[in-house]
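As a plain string of letters, each chain reads:
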Amino acid sequence: MSHDSDFDGMGHDPNGIPGQPKTLKEWIFTLDHKVIGIWYLWGAIASFIVAGLAATAMRLELGSVGPTITEDPNLYNLWLTMHGAVMILGFQIPALLGFLANWAVPIMVGGKDMAFPRVNAMSVWLLWSGIILALCNLVIPDPWNGMWTGYPPYSVTDMAGNTALYSWIVIILGMSSVFGAFNLACTVVFMRAKGMGWYQMNMLTMSVFTANIIQLIFVPVLAASVLLLSLDKYLGFGFYNPEVGGDALLYQNLFWFYSHPAVYVILLPFMGLMFDVFATFSRNQIFQYKVAFWSFLAFIPAGADVWVHHAYVAGLPNWLRLLMTFTTLLISLPFGLLMMSMIGTLWKGSVKYTSPMVWAMCAFFMLLIGGLTGIPNALTAIDYGISDSYVIMSHFHYVMAVSGGMAIFASVFYYMPKMSGRMCNEFMGKLSGVGFFIGMNIVMGPLYFAGIEGMPRRYYDYQMFADNATIVGAQHWATIGIYVTFASALLMMITWIHAVFAGEKATQNPWQSESLEFAATAVIPGQGNFPVPLSIHPDWSPYGYGTNPVDSFTYKGK
Amino acid sequence: MSEIKHYTAHWHTCPYPLMVGFGAGLFLPWAFMLQFNYEQGLAAIVTLVVGLLLLVVGGLGWAGQTIGIVNDEGWAPSAMLMFIGTEVMTIGGVMASYWVLRAQAPIWPPEGVTPVDAPLMMTIFLLASSLVIGFARKQGLAGNAKGFANFTIVTLVMWVVFGYSMITDWGHAASLGNVLGDDATAYATTLYGFTGIHFAHIIFGAMIMMTGIPSALKGRYSDSFGRAMTMYVHFVNILGIWVLLQVYYW
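It should be emphasised that the depicted structure is a prediction, and the values quoted were computed from it without experimental measurement.

## Quick notes on the interface of chain A and chain B
Every contact between the two is made by 61 residues of chain A and, on the other side, 56 residues of chain B. If one sorts the elements of the side of chain A that touches chain B by residue count, helix H7 (residues 203–235) of chain A sits on top with 11 residues. When grouped by side-chain class, the residues that make up the side of chain A that touches chain B number 39 nonpolar, 15 polar and seven charged.

## Description of the confidence of the model for chain B
The predicted structure's coordinates, where accompanied by low pLDDT, should not be read in detail. Residues and elements named next belong to chain B. Across chain B, the average pLDDT comes to 92, with 96% of residues at or above 70. The secondary-structure element of chain B with the lowest mean pLDDT is helix H3 (residues 76–104), recorded at 93, while helix H1 (residues 16–36) shows the highest, at 97. Note on the complex model: pTM 0.93, ipTM 0.93.

## Let's talk about H1 of chain B
All names here are of chain B. For H1, built from 21 residues, the straight-helix expectation of 30 Å at 1.5 Å per residue is met to within 8% by its first-to-last C-alpha distance of 29 Å. The largest bend in H1 is about 35 degrees, located at Gly23. The buried fraction of H1 is high, at 19 of 21 residues.

## Some thoughts on the packing of helix H6 (residues 163–190) of chain A against H7 of chain A
Residue and element names in this part refer to chain A. Between H6 and H7, the least distance of the axes is 8 Å, while the angle of their chain directions is 155 degrees. Looking at the two axes, H6 sits roughly antiparallel to H7. At the point where H6 passes H7, the crossing takes the left-handed sense. Here the residues of the contact of H6 with H7 sort into 21 nonpolar, eight polar and one charged.

## Thoughts on the domain arrangement of chain B
Residues and elements named next belong to chain B. Domains assigned within chain B are domain 1 (1–66) and domain 2 (74–248). A C-alpha centroid distance of 25 Å is found between domain 1 and domain 2. Between domain 1 and domain 2, the residue contacts involve four residues of the former and five residues of the latter. For the side of domain 1 that touches domain 2, a count of residues per class yields two nonpolar, two polar and no charged.

## Some thoughts on the environment of His83 of chain A
Residues and elements named next belong to chain A. Counting through the fold element by element, His83 comes out in helix H3 (residues 73–103). Under the C-beta neighbour-count criterion, His83 is labelled buried, with 22 such atoms within 10 Å. With residues up to four places along the chain from it excluded, the contact list for His83 reads Ala51, Ala54, Ala55 and Met58.

Calculation rules
Every residue gets a number counted from 1 within its own chain, in the order that chain's sequence is written. Written order decides the labels, with chains lettered from A and ligands numbered from 1. Local features in this predicted model are restricted to residues whose pLDDT is 70 or higher, and side-chain atom pairs enter the listing and the counts only when it is 80 or higher, whereas totals over whole chains, interfaces and linings include all residues. In this description, a residue-residue contact is defined by the distance between C-beta atoms placed from the backbone, which must lie within 7 Å. Elements are defined by DSSP. Helices are runs of H or I of four residues or more, strands are runs of E of two residues or more, and each kind is numbered from the N terminus. The residue classification treats Ala, Val, Leu, Ile, Met, Phe, Trp, Tyr, Cys and Pro as nonpolar and Asp, Glu, Lys and Arg as charged. All others, Gly included, are polar. Every residue carries a pLDDT, the predictor's confidence in it, which falls somewhere between 0 and 100. Given the number of residues in a helix, its expected span is that number minus one, multiplied by 1.5 Å. Two axes are fitted around each residue, one to the seven residues ending there and one to the seven starting there, and the angle between them is reported as the bend at that residue. The burial label depends on the number of other C-beta atoms within 10 Å of a residue's C-beta. Counts of 20 or more mean buried, 12 or fewer mean exposed, and intermediate counts mean partly exposed, with C-beta atoms placed from the backbone. The convention used is that axes are lines fitted to C-alpha atoms, helices contributing only their stretch in contact, and that angles between N-to-C directions extend from 0 to 180 degrees. Between 65 and 115 degrees an angle is taken as roughly perpendicular, under 35 as roughly parallel, over 145 as roughly antiparallel, and anywhere else as oblique. Here a crossing is called left-handed whenever its near helix is offset anticlockwise from the far helix by less than a right angle, and right-handed whenever the offset is clockwise. Domain delimitation follows an automatic or database domain assignment.

Here is the structure:
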């Protein structure tokens with residue numbers, strides 16, 4: 001459905017492309033949410049490249065028994081640390097809550113920008129500071145090698161390297177997240193277009209809003225926990241030192257109090273994005289919209305009381321293990337409802353397999369496998385046998401890391417026409433998506449079996465399992481898989497670069513979406529999004545395919 | 001269809017968020033690392049100075065461009081409320097640590113520790129600054145920006161006095177044997193940890209106040225900023241009472 005007639009004479013780019021700044025000053029000192037969103041995207045992609053190369057190096061090292069590409073276990077530890085920390089803190093969270101939240105959400109709610117543009121700009125530079133700090137770890141003497149978890153007592157010893165670097169990376173990225181979170185929350189609450197009710201918002205908006213509330217509540221606890229690490233190591237405090245009455249397990253509790261909800265900070269926005277992509281390309285409304293809406297919000301209380309399952313093996317009282325088993329299983333409820341809602345959205349839809357849809361569908365299948373293999377992990381008796389094994393590693397790569405990454409890449413394909421004004425090559429886009437999906441399944445699928453055989457995660461070598469054909473075979477296949485994944489990721493980036501410089505010119509609404517960022521043709525180039533404030537018809541929906549009223553949008557100035 | 005007007009793109013720019021972001025996010029962490037991890041004192045000082053300069057120039061420039069000029073529709077107090085919520089969680093993390101350490105100690109204070117006296121009078125003095133900042137906002141609402149500046153300066157001075165008394169209290173506590181390092185105790189850890197967190201908030205709150213003063217002296221006042229700043233001052237003062245009750249009287 002076209003809404004062109006609503007915007008006649010309002011003054012806009014005929015293709016509804018927001019455009020990009022022309023000068024370096026406009027790029028660097030920008031206050032515009034779309035440009036800041038692109039800065040987040042660049043930061044996320046740079047982080048993905050660094051963390052991805054670290055993963056590739058680790059996988060090559062594990063390709064055979066004994067040293068393969070390095071004889072230095074500390075170097076392997078460095079790759080492992082960089083992979084985990086940078087992939088989560090530098091790639092996934094900034095891509096979802098930085099890029100997507102910035103680029104899409106203000107336009108989706110019909111706002112002119114974020115509520116606090118300067119705070120928004122500061123948030124992105126804090127993120128880049130955190131990324132630069134993380135990259136410093138590759139070149140500084142005494143690099144940090146205590147993994148992304150930073151558990152004491154190891155992390156407060158000199159063997160762990162530069163503990164302060166770890167603390168500061170987490171604190172600075174946390175500050176960036178917190179400033180971004182209240183900015184986005186204010187944007188959604190206060191800047192929605194006139195007439196836009198809460199139930200008229202996109203799933204992406206709702207999911208990002210929920211994730212940011214989780215950030216506001218839980219990030220500070222993580223910041224406090226890593227601050228105390230540095231206080232212990234450098235200033236002689238004893239919070240985690242049992243010799244002076246401290247408690248090393250205290251750190252694990254504080255750390256996972258945030259870092260488990262952090263899974264939902266990643267999970268929810270990429271599920272929100274998948275909802276939007278599924279609805280657009282199946283030409284369907286969201287199945288049980290209100291159930292999905294409240295399921296997102298349910299993650300706030302439900303995600304707050306599950307962190308202890310990361311410490312099942314750490315000597316907890318039985319009553320606490322039992323309680324946390326139930327609370328962890330409870331999370332399956334809103335998650336399952338969201339999955340059902342997604343399936344219902346696709347059901348009997350007029351599905352069109354475009355490149356964003358292929359990436360999102362692949363992400364969905366990864367999520368499904370990861371979700372199903374997560375349920376048994378909640379049970380203490382089972383977790384005892386597989387804790388810290390490859391089973392856990394494969395599970396979280398399926399449920400969060402790979403599925404989240406693929407959804408993020410789907411979003412780049414989805415918004416490329418609006419960001420650059422050009423289309424990605426569909427064949428290359430789909431091929432890279434399918435290749436990435438196959439490659440990651442070859443990597444992570446067999447490793448489940450290695451884990452069941454007892455292969456612990458994080459090990460530099462597996463000489464002690466050299467006689468175990470399952471473990472050796474799984475490692476072998478996983479290493480083959482990384483070649484396929486690497487080639488697919490490379491193809492994906494070539495596709496993006498090709499699109500930006502030589503892609504076919506995009507039309508105003510190439511996906512025929514009803515959502516504002518595509519359907520509102522009056523998107524103006526430069527700052528401000530809309531020439532005058534937008535009003536929304538009470539019956540309009542971002543998913544109202546075939547049902548939206550003709551006069552969905554009006555302007556106060558008209 | 002009527003003729004489509006073509007807009008010339010205009011992009012707003014401001015260098016100050018970048019200065020504040022890199023000052024706080026890059027230079028201050030490196031100053032800390034150079035001092036404590038690499039023991040490069042001179043390099044640490046130089047980096048610290050650069051970081052603080054970026055923060056001060058960036059913060060003042062930012063405030064100068066916005067307070068009393070940019071209409072933020074009055075959303076700043078809501079944002080401040082959320083920010084204070086995150087602060088409560090940060091303090092909650094430290095407080096949980098304090099409770100765990102106390103719960104695990106057979107007796108409190110641990111055997112051999114000489115506890116320090118509660119800074120009751122100074123905390124009451126700190127609380128009085130809530131009244132002063134209230135007067136500041138009242139002046140601002142009455143259209144007297146310079147009155148707002150003056151009362152804010154008085155608040156700031158009261159906080160500096162309180163901060164100084166806190167530092168002298170730490171010196172006194174150390175003289176009683178409550179030290180960190182090899183001879184650290186759970187008592188000293190929580191005493192300095194908890195009061196240190198409060199001290200950090202005093203510094204941050206003082207920085208917020210300082211950013212608003214130059215604009216106010218030029219006659220510019222925004223109640224969105226004034227209200228948000230006042231909320232933060234009250235929060236830090238309430239935190240002072242909490243620290244007093246938890247660390248000294250429990």
